[in-house]
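A structural walkthrough
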Amino acid sequence: MGDVLAGIHATWEFESDALVIRFDRGNRAPRLFGVLRERRVPHEALASMTLSPGKRGTVVLHAVPRPGADPLMEAAAGQLPEACDPYRLVLPADRETLAEYYRDELQTVLGPGAAAPSGDPADGLGAEPAERFLVAPPQGPQSFKAYDGKARFDGQSEVSFRWSWTGASSEKWKAGDQFFHVRDLCGVEWRSPDVLDGHLRLVPRGGEPRASQPDHDPASVVFGLGYGPVHLSLPFAAAVLAAIRTSDRVPARTAAAPGAVAERIRHLGELHQAGLVTDEEFSAKKAELLAEL
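The numbering scheme is per chain: residues are counted from 1 as the chain's sequence reads. Under the rules for a predicted model, residues below a pLDDT of 70 receive no local features and side-chain atom pairs below 80 are neither given nor counted, while totals for whole chains, interfaces and linings still include all residues. Processing note: side-chain calculations cover all non-hydrogen atoms of the structure and skip hydrogens and water entirely.

**Here's the deal with the overall build of the protein**
Elements are defined by DSSP. Helices are runs of H or I of four residues or more, strands are runs of E of two residues or more, and each kind is numbered from the N terminus. Summing up its helical and strand segments, the protein has seven helices and 14 strands in all. Looking at the protein as a whole, 45% of its 293 residues are labelled buried. Under the convention used here, a 1.4 Å probe and the Shrake-Rupley method define accessible areas, while residue burial counts only the protein chains that appear. Entry remark: accessible area of the protein is about 15200 Å², with carbon and sulfur atoms responsible for 51%. Working definition: with a 1.4 Å probe on protein chains only, accessible area under 20% of the residue-type maximum means buried, over 50% means exposed, and in between means partly exposed.

Rendered as structure tokens:
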């Protein structure tokens, strides 16, 4: 058990080899913190530690992760507002001296290149991109409701998009519900639903041509008001991104389960009977699914 520093919405524990961040789940805490609950950040995942003035009589202790070390921050791509940054600990100003002590202690562990005395990040070894993710992604199955469908990740190997009758575009209905093995993907593009045109878009390997707009791309779901909130869609994106990176180091995938393929063919047949796909589209998609066996 290491030293503990309690702040607003989070508590930091300083272990000998890691920073453990435990988040509050109260009504005033960002909902993302309630989903994350606890994160263990190895020292090797950090680039620097800074301390700066905050708002309304507070100071902010900020652990800066190395590029490529945390799948959550990689998926967020700088889109999180400061209040939702899981690496910021907000403290009352009267605890500034204590915060300075912990900043200096961690800077010593990280090395002289971790941060300048003023608290500004400095160029050093700690700022080099990590070769692999060093912080664990959100665990277990993930799901959320988007504007045009429901996204689900089984926590290991498959992502599925099941389209909504009311929100999905005709292009997506013709393509049918989508199932992606993480080995067939090379990335995830997440755009915050807090801004216009939010979406989660999977990037297939191979670089095949794709629709220019996410609402026409069957490899994406789009966000609207009240759909795909950050606290659900961002952990989803991070978990899928981590699985993609992990899949590069495991044996090639096996054939798809017959039951799963049969279910997808059944749904395709329903779309065909409803007139949403043509005879040619049905035959081509059915052949493609059978080839997965």
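**Quick notes on helix α3 (residues 96-110)**
To estimate how far a helix should extend, the number of its residues minus one is multiplied by 1.5 Å. The terminal C-alpha atoms of α3 lie 21 Å apart, and with 15 residues this matches the ideal 21 Å at 1.5 Å per residue to within 8%. Those residues of α3 hidden inside the fold are in contact with β1 (3-6), β2 (10-14), β5 (46-53), β6 (58-65) and β7 (88-92). Once α3 ends, the next one or two residues include Gly 111, with phi positive near 110°. Residue contacts are counted whenever heavy atoms from the two residues lie within 4.5 Å of one another.

**Let's talk about the side chain of Gln 142**
With respect to the secondary-structure elements, Gln 142 resides in strand β8 (residues 142-145). Classification of Gln 142 as buried rests on a relative accessible area of 12%. Among residues more than four places away in sequence, those in contact with Gln 142 are Ala 151, Arg 152, Phe 153, Pro 235, Phe 236 and Ala 239.

**Topic: the pattern of salt bridges**
We define a salt bridge as a contact between a side-chain nitrogen of Lys or Arg and a carboxyl oxygen of Asp or Glu at a distance within 4 Å. Evaluated as defined, the whole model comprises 11 salt bridges. One salt bridge in this structure joins Arg 22 and Glu 38, with 3.1 Å as the shortest N-O distance. Of this pair, Arg 22 sits in strand β3 (residues 18-23) while Glu 38 is found in strand β4 (residues 38-42), placing the two residues 16 residues apart along the sequence. Looking at Arg 22, the relative accessible area reads 32%, which means it is partly exposed. Taking relative accessible area as the criterion, Glu 38 reaches 46% and is therefore assigned partly exposed. Across the pair Asp 70 and Arg 39 runs a salt bridge, and its minimum N-O distance is 2.5 Å. In this pair, Asp 70 is assigned in the loop between β6 and α2 (71-76) and Arg 39 in strand β4, connecting sequence segments 31 residues apart. Owing to a relative accessible area of 6%, Arg 39 belongs among the buried residues under this scheme. Here the salt bridges share partners, and the residues they tie into one network are Glu 13, Arg 22 and Glu 38.

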